[in-house]
Amino acid sequence: MKNILWTFMLLITLTSCKKEVKDSADTIYYGGDIITMEGNQPQYVEAVGVKNGKIIFAGSIAEAENFQGGETEMKDIKGKTMLPGFIDAHGHVWNAGFQAVAANLLPAPDGTGNDIASIISLLNKWKASNKNAIGKYGWIVGLDMMMHN
């Protein structure tokens, strides 16, 4: 009876101890659309583990348990979408949007606006396929150079 009591107490002690995992994550995110952006099509996972600011795991919630230690913070993102962080030291995001709605008048290799005749042709093609934009704004917009500071 004494051995059974000690075994029972040991079992309770072991199950109440915090799990220590060698490669435990600082934070595990779950509970939303987590998109890895790997490959040609978006890849969805159920959980992401982060340690020291770096992703150490992306996969199922069941697999995430292998990275859950006693100090791991479990963060439910409550149905929100999580994407990888993008860091750009020098970017012109507004320019990318502007280029998307403007006629591409760039010369080779980025476009075909190599001379005045080609630029006029490109503007006429853009005008023909963007009547709604012209009607709304009254402008024909073209971009003929890459903008850098």
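About the thresholds
- Residues numbered from 1 in each chain as written.
- Predicted model: local features only at pLDDT ≥ 70, side-chain atom pairs only at ≥ 80, totals over all residues.
- Heavy atoms only, no water.
- Pairing = 2+ DSSP bridges.
- Helix = DSSP H or I, 4+ residues; strand = E, 2+ residues; numbered from the N terminus.
- Buried < 20%, exposed > 50% of the residue type's maximum accessible area, 1.4 Å probe, protein only.
- Contact = heavy atoms within 4.5 Å.

Colleague: I tried to follow the pairing of strand E3 (residues 54-59) on my own but got confused; where do I start?
Modeller: The side chains of a regular strand alternate between both faces of the sheet. Pairing of strand E2 (residues 44-51) with E3, which is carried by 5 bridges, proceeds in the antiparallel orientation. Bridge assignment links alanine 47 to a residue of E3, and that residue is glycine 59. Here E2 folds back onto E3, and the loop between the two strands holds 2 residues, one of which, asparagine 52, carries a positive phi near 50 degrees.

Colleague: When you look at the environment of phenylalanine 98 in this model, what are you seeing that I'm missing?
Modeller: Looking at where phenylalanine 98 falls in the secondary structure, it is placed in helix H3 (residues 93-100). Judged by relative accessible area, phenylalanine 98 falls into the partly exposed class, the value being 29%. For the pair formed by phenylalanine 98 and valine 141, sequence separation is 43 residues and the distance between their alpha carbons is 9.2 Å. Beyond its immediate sequence surroundings of up to four residues, phenylalanine 98 is in contact with Val141 and Leu143.

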